[in-house]
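# Observations on the three-dimensional arrangement
Residue-level listing of the chains:
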Amino acid sequence: MKRAIIKGVCLGCIFALALMILSKVMNQGNTDMTTEMGEATYPVLSMYVGAYRVGSLHGYAQNMECAYLRDNLQPVGADRKINVKIDTYGRQIDEIGFEVRSMDGERLVESTPVEKYEEKDGEITFSITLKDLIENDTEYMLVFLVTPKENTPIRYYSRIVLSDSFHIQEKLDYIMDFHNRTFDKEAAVELTKYLESNAEGDNTTFSKVTIHSNFNQVTWGDLAVERTTEPRIIIRELAEQTGAFNIEYLADIKKGKQTDYFRVKEYYRIRYTPDRMYLLDFERDMEQIFDEEAPVYVNDKIMLGITGDKVTLQESDGGNVFVFTVADKLYSYNVTDNKLARLFSFYGNTEELLDERSAYNHHDIRVLTVDETGNTIFLVYGYMNRGRHEGCVGVALYGYNSVANTVEEMAYIPYDKSYELLKTDIGKLSYLSRTGSYYFMMGGNVYAVDLQSLEVRTVVTGLREGGYHVSESNKMLVWQNGDDLYAAKELVLMNLNTQNQTKIRAGAGEYISVEGFMEEDLVYGLARERDVRENSTGITTFPMYCLKIQNDDGDILKTYQKENVYVVGSEIEENQLTLFRVNYDEESENYVPAENDQIMNTEEVKSGLNKLSYVVTETYETICQIAVKDEIDGRAMKHLTPKEILFEGNRSVGELAGETSEKYFYVYGKNGIEDIYVNPGKAVDLAYRTAGVVVDDDGDYVWKRDTRSTRNQIMAITENEVTETKGSLAVCLDTILKYEGISRNTQRRLNQGDTVFDILEGDLQNCTILDLSGCSLDAVLYYVNKDIPVLATLEDGNAVLIVGFNELNIVVMDPVDGTLEKRGMNDSTEWLEENGNQFISYIRKD
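Each value, and the rule that gives it
- Residues numbered from 1 in each chain as written.
- Predicted model: local features only at pLDDT ≥ 70, side-chain atom pairs only at ≥ 80, totals over all residues.
- Heavy atoms only, no water.
- Helix = DSSP H or I, 4+ residues; strand = E, 2+ residues; numbered from the N terminus.
- Rg over C-alpha atoms; globule rule 2.2 N^0.38 Å.
- Contact = heavy atoms within 4.5 Å.
- Areas by Shrake-Rupley, 256 points an atom, 1.4 Å probe, with all protein chains shown as cover.
- Lys, Arg positive; Asp, Glu negative; His and termini not counted.
- Charge placed at Lys NZ, Arg CZ, Asp CG, Glu CD.
- Buried < 20%, exposed > 50% of the residue type's maximum accessible area, 1.4 Å probe, protein only.
- Pairing = 2+ DSSP bridges.
- Axes fitted to C-alpha atoms, helices over the stretch in contact; angles between N-to-C directions.
- pLDDT = per-residue confidence, 0-100.
- Core = buried A, V, L, I, M, F, W, Y, C linked by side-chain atoms within 4.5 Å.
- Polar contact = N/O pair within 3.5 Å; in protein donor to acceptor, adjacent residues only side chain to side chain.
- Phe/Tyr/Trp six-rings, centres within 6.5 Å; stacked < 30°, edge-to-face > 60°.

### Side note on the overall build of the chain
Scanning the chain from terminus to terminus reveals 12 helices and 60 strands. Against the 2.2 N^0.38 benchmark of 28 Å for 846 residues, the chain shows a C-alpha radius of gyration of 29 Å, consistent with a compact globule. In terms of its C-alpha atoms, the chain occupies a principal-axis envelope of roughly 90 × 70 × 55 Å. Contacts spanning at least 24 positions in sequence make up 58% of the contacts within the chain whose residues lie at least 6 apart. Entry remark: accessible area of the chain is about 37500 Å², with carbon and sulfur atoms responsible for 43%. Where the 86 positive side-chain charges of the chain centre and where its 140 negative ones centre are 2 Å apart.

### Things to note about the pairing of strand β58 (residues 809–814)
With respect to burial, β58 is a largely interior element, five of its six residues being buried. Pairing of strand β57 (residues 799–805) with β58 involves four bridges; the strand directions are antiparallel. Note on β58: the bridge partner recorded for Ile802 is Val812. As consecutive antiparallel partners, β57 and β58 are separated by three residues. Relative to strand β59 (residues 819–824), β58 is paired through six bridges, and the arrangement is antiparallel. Looking at β59, one finds that Asp814 is bridged to Thr819. Where β58 folds back onto β59 in an antiparallel hairpin, the turn is made up of four residues, including Gly818, whose phi is positive at roughly 70 degrees.

### Some words on the sheet that holds strand β49 (residues 643–645)
Strands sit in the order β1-β49-β27-β26-β25-β24 across an open sheet of six strands; the sheet is mixed. Sheet topology places β1 (34–35) and β24 (363–370) at the edges, where each strand pairs with a single neighbour. The pairing of strand β27 (residues 406–415) with β49 spans two bridges and is parallel. Bridging across to β49, Thr406 finds its partner in Lys643. Helix-sheet contacts for helix α6 (residues 419–428) involve β24, β25 (376–383), β26 (393–401) and β27, and the interaxial angle to β25 is about 145 degrees.

### So, the confidence of the model for the chain
Within the chain, residue pLDDT values average 93, and 96% of them lie at 70 or more. Between residues 1–11, whose pLDDT stays under 50, and residues either more than four places distant or in other chains, the model counts 10 contacts. Under a pLDDT of 50 for its full length, residues 18–32 has, in the predicted model, 37 contacts with residues more than four places off or in other chains.

### Some thoughts on the environment of Val811
Within the element layout of this structure, Val811 appears in strand β58. The class of Val811 is buried, set by a relative accessible area of 6%. It is 52 Å that separates the C-alpha atoms of Val811 and Thr312, two residues lying 499 residues apart in sequence. Residues contacting Val811, with those up to four places away along its chain left out, are Gln713, Leu801, Ile802, Val803, Gly804, Phe805, Leu820, Glu821 and Lys822.

### So, the nonpolar core
In this structure, Phe144, Ile175, Val395, Leu397 and Tyr438 are the most contacted members of the largest nonpolar core, which totals 113 residues. At seven residues, the largest contribution of residues to this core is made by strand β10 (residues 139–148). Beyond its immediate stretch of four places on either side in the chain, Ile175 contacts Ile233, Phe245, Ile247, Tyr268 and Ile270.

### Brief notes about the environment of Glu139
Looking at where Glu139 falls in the secondary structure, it is placed in strand β10. A distance of 3.2 Å separates a polar atom in the side chain of Glu139 from a polar atom in the side chain of Arg159. For Glu139, the side chain forms a polar contact with the side chain of Tyr701, separated by 2.5 Å.

### Remarks on unusual backbone geometry
Of note, Asn474 is a non-glycine position whose phi angle comes to about 75 degrees, a positive value. Relative to the helices and strands, Asn474 is located in the loop between β32 (468–470) and β33 (476–480).

### Describing the packing of aromatic side chains
Under the counting rule described, the total for this entry stands at 32 aromatic pairs. Measuring from centroid to centroid gives 6.3 Å for Phe126 and Phe144, while their planes differ by 70 degrees, and the two rings are edge-to-face. Note that Phe126 is positioned in strand β9 (residues 123–129) and Phe144 in strand β10, a separation of 18 residues in sequence. Side by side, Phe126 and Phe144 carry an identical accessibility label, which is buried. Relative to Phe282, the ring of Phe178 lies with its centre 5.1 Å away and its plane at 45 degrees, an arrangement referred to as tilted. With Phe178 in helix α2 (residues 168–181) and Phe282 in strand β17 (residues 277–288), the pair connects residues that are 104 residues apart, well separated along the chain. Given a relative accessible area of 0%, Phe282 falls into the buried group. These aromatic residues form a ring-pair network of at least three members: Tyr174, Phe178, Tyr194, Tyr268 and Phe282.

What follows is the structure, given as structure tokens:
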């Protein structure tokens, strides 16, 4: 009952908040003028590999952080020549030039103007030849500067790599042949030898087709699909044998006078051999463009079509109004008034859809609030295709006034990294409070923007992975105070609606750890200081003797505590909390695994009155629809297109204070950024499982799914053995340092309590030390293949070095035995797994 009353009060406050913000903000300055969104004006730049157009680069209005722009990789041959085309769309260009920079953008390698180019029918073509200043097999950032008449330069970014060993022509021929054959069932029979059709493939939907789908799904079933636009090739990753590519295009299906359009994106990961090509992975995403003018209203349903799980829906408190996003378009439907308004889209009509500038989908939309009258506050974040912020990356907050049928920008937050990185941050925290403050996270810091004054304040800085959590609604935020995740004495729980902060402190002789939220209820644990252990490699065991679940009023809803049972981790999924537990074994004086336990949240979650559902149709297979609470009269429906309110000046917030000192590792895969970690081992493990890559903040590779050599051994490392004064771990560390040209006696530092990381980070200053615990042996052999040894620590406290491999064995330097010997690959994999797969290695930095 108490929760229901509180919820009712909150809903009323949200309704009042929306009215207050919309009325106050929309009355600032000159608000008597409205207009349509400005047209796209930026040219599009493409490069070529042979006859294939690749890249389709979209321009940026400002300098960007190069290390995070990984959309395209352009291979460069031995002649260092690149052919370029610019689609100007009628815009006059005064100057063209280019720069070559290091991947972090800090070092300028070359800056050259383009003196000669040809211009015809809205296209500019030219060739550039890079100076002999770049190294083979090293990635650089190529930046084109295109200056329109009486304007500042527009920047276009692409990675480049100089190599003649990529077999790029053969790889592009293969993926385009595969792509073309899917539209011809007879020709596509040849593709069956590449597919891996099995039970993993979902053959009930065209929204996602994979290498595991059957032949009929891959060849479009009974869909009479045709390509509307020429396919655009994007090169994601290249190695000597392997490559990852995207093909993007617009497709259509004609049904009498009606034409349905679809955005299609294909992913290929392939391997080249002189004998044949191998398809390692294939995925095709298909998303229907919702046409509000089409006959898509049937009884109480709005038929959205083939969309997969990309559609979002949010309704007002009473369900009278709901807003939904589909294919980067935001709509609002008023059930009572039978009005459908398209609140936002960079493209509207077919002409704009066919314009690759307007239809460029490197942005997202997120709804913050919607009230019963239809007033809505929402975000558009990412690359801005057109309008006031064309060519910028940032977060724009908009307010829709349902009475005036207008949309107005309320605030704009600029950003100088990639859309994918911004998407990750916005996904962590994005919340509008009842007091009119917008809370968001960027780079481990939390900020709040006052939407009336546009003042920005820093709420908390330096949040670390595992040291903070956000509730499901984003209303509640909790973080640990202190620099050490495993020695925190205090949590801070903040209600972003009220700005109230509650401090939760550990008892004497205890540490506290935040585990997460079950809906809005906080889960945290307590551990005794004497129970927390750190081994010589710096890995900490944090056994919590007690877990507590607390609501935002400070009431303890549940305490979990059992004799000689410790929780060392947890996982929250929907209404279930899974506890990973250990017992303390007095004989071995170690913690041993125990059976997992679960805590269930039995509180019923209220469902909405307007819901998304999926139905199976004969031709389109599974489609998405909205089940509306009342029947829809499609013929009488009023279609609204709001105007944009003009205002003087700009509404950009000031510079965000607070820099993070945390080093991050970014996992890139078929979906762009798959995840971001502070722990490199977690990043490498995910990249290994998803056939991705890991890069650091400088854009340097930390790990990638290369085709490994059949054999390799670091011949400079020979056998060594323990002595009375030097243990196996010290021998391994001394060997690593000697291999890198440094002479040390590390046993003394180990005796003083220094960890492996303390020692290696202190001595290998031009390297990044990597905790690869939890990775498989197969994954860490990547480093041995690069002539970098891998340290493996064992449960008995000893250590070995992995310094070589072949197809059947690894080569191990074991100081206890004083040997350098081959050990079977399968036996070694099992042996190292039994010892926890505790690996440490490093990468060299220039």
